[in-house]
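Reading the structure
Listed below are the residues making up each chain.
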Amino acid sequence: MKGKATIQMVAERAGVSRGTVDRVLNGRPHVNEEARRKVLEAAEALGYVPLSQRRQEEGPAGLTLGILLPNWEGQFRAEAARGIRLARAELEESGVRVELRRCETDGEAEALGHLEELWAAGAAGFAVCAVDGPSVSAWVSARVEEGIPCVTFNSDLPESGRLNFVGQDVRKAGRVAAGLMYKCVSGRGPVLAAAGNLKFHAHRQRLEGFRERLEELGFPMKDLVVRETFNDYGRTLEAVSQTLEALPELQGVYMANFSVAACCDAISRAGRTGQVHVLCHDINDGIRQLLRVGAVDFTIPQDMESQVCVPLLLLRDYLRKKSPPMVPASGHIGILCPENLD
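Remember, predicted model here, so these are calculated numbers, not experimental data. (Residues numbered from 1 in each chain as written. Predicted model: local features only at pLDDT ≥ 70, side-chain atom pairs only at ≥ 80, totals over all residues. Heavy atoms only, no water.)

1. Examining the packing of helix 8 (residues 170–184) against helix 9 (residues 201–217)
Spelled out, the test is: Throughout, an axis means a line fitted to C-alpha atoms (over the contacting stretch in the case of helices), and angles, computed between N-to-C directions, take values from 0 to 180 degrees. Per the convention used, a helix needs a DSSP run of H or I reaching at least four residues, while a strand needs a run of E reaching at least two, with both numbered from the N terminus. Each angle gets one of four labels, with under 35 degrees taken as roughly parallel, over 145 as roughly antiparallel, 65 to 115 as roughly perpendicular, and the rest as oblique. By definition, turning the near helix anticlockwise from the far helix through less than a right angle yields a left-handed crossing, and turning it clockwise yields a right-handed one. Should any heavy atoms of two residues lie within 4.5 Å, those residues are considered in contact.
Two elements in contact, helix 8 and helix 9, have axes whose closest approach is 7 Å; the angle formed by their N-to-C orientations is 40°. Classified by the angle their axes make, helix 8 and helix 9 are oblique. Note on packing geometry: the crossing formed by helix 8 with helix 9 is right-handed. Judged by residue contacts, Val-170, Arg-171, Gly-174, Arg-175, Ala-177, Ala-178, Gly-179, Met-181 and Tyr-182 of helix 8 engage Ala-202, Gln-205, Arg-206, Glu-208, Gly-209, Phe-210, Glu-212, Arg-213, Leu-214, Glu-216 and Leu-217 from helix 9.

Right under this line is the structure:
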């Protein structure tokens, strides 16, 4: 049975939680002696070998990598799927398998459950884009302490001790957006900033960069309205429509989320297309068309396909070559407008 028992089997035999088993087997404090004795006896009786030890003993053959995606739909989901296909095409040739889990909500508990599933499935390294909650960061930190590499992408977990973050410098992107908006509206408001989901580090940083730069430029911050719209068409449509009704003199909308079409639809219904400046992020066929017809002024793109693919390749190289992944957050911030779309 050696190596076949699971942490859940040990927990059930010892009559304790999986967290207690994890703390005992990894030598962590805050476990009473009776529980410690039961866990060690159960592990010995079952022949349990910690996954981290098993993976080190097994070496690179049959390597499994785990990737966790957030509950984002639309463009992110499509580009993430392409990134995973690219990674699998290269990794499977060298005997590396990719296990994927996707969150359906933005809850920490669900993210943790998926990470545990990947861990139980034998993942030797993790690529993670998840809600920036303390329990998720703690889980990643625990794996890193055990020598299990974790790389975050698109949205960081800065307190987790992860080996690397792959993605755009989103705070800088927010600052660039603020500089563009300030010029578009001639330094006056009101301006609406429609954020995605502020539980995610990237969404908070993008908004903070935007606020920070506007204030530096002298924009009257009382004229900045912030709404959280969760990358959802309906919520974005409602938020922009309500703001236009409450503030008919609205000068601009900063779309720091994916629902750009909803924003432009709300402005169109209000008869203000071309009068309200719209700045957004990313690029797809829909945004290209909105740029061409003048509904969007500028967009700041990022390569989400690579952001999903590269972490898996970095993990493979780290585990097989023991070379630390050294890919800084991309400092290059591009700007697209109707004149340079092609």
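2. Considerations on helix 9
Inclusion rule: Expected span of a helix: the number of residues minus one, times 1.5 Å. Exposure is judged per residue with a 1.4 Å probe applied to protein chains only, and the accessible area is read against the type maximum: over 50% gives exposed, under 20% gives buried, and values in between give partly exposed.
Between its terminal C-alpha atoms helix 9 stretches 24 Å, which fits the 24 Å expected from 17 residues at 1.5 Å a residue. Buried residues of helix 9: His-201, Ala-202, His-203, Arg-206, Leu-207, Gly-209, Phe-210 and Leu-214, and no others. Buried-residue contacts for helix 9 involve helix 8, strand 6 (191–195), strand 7 (224–228), strand 8 (252–256) and strand 9 (277–281). Looking one or two residues beyond helix 9, the residue adopting positive phi is Gly-218, at roughly 95°.

3. Points about helix 3 (residues 33–46)
In an α-helix, one turn spans 3.6 residues; hence positions three or four apart end up facing the same way. Counted only if it meets this: By definition, the arc is the one covered by directions from the helix axis to the C-beta atoms.
With 14 residues, helix 3 should reach 20 Å at 1.5 Å per residue; the first-to-last C-alpha distance of 20 Å fits that figure. Residues of helix 3 that are buried: Ala-35, Arg-36, Val-39, Ala-42, Ala-43 and Leu-46. One side of helix 3 carries all its buried residues, which in axial view fall inside an arc of 135°. For helix 3, exposure combined with an orientation more than 90 degrees from the buried face picks out Glu-33 and Glu-44. Elements in contact with the buried residues of helix 3: helix 1 (7–14) and helix 2 (18–25).

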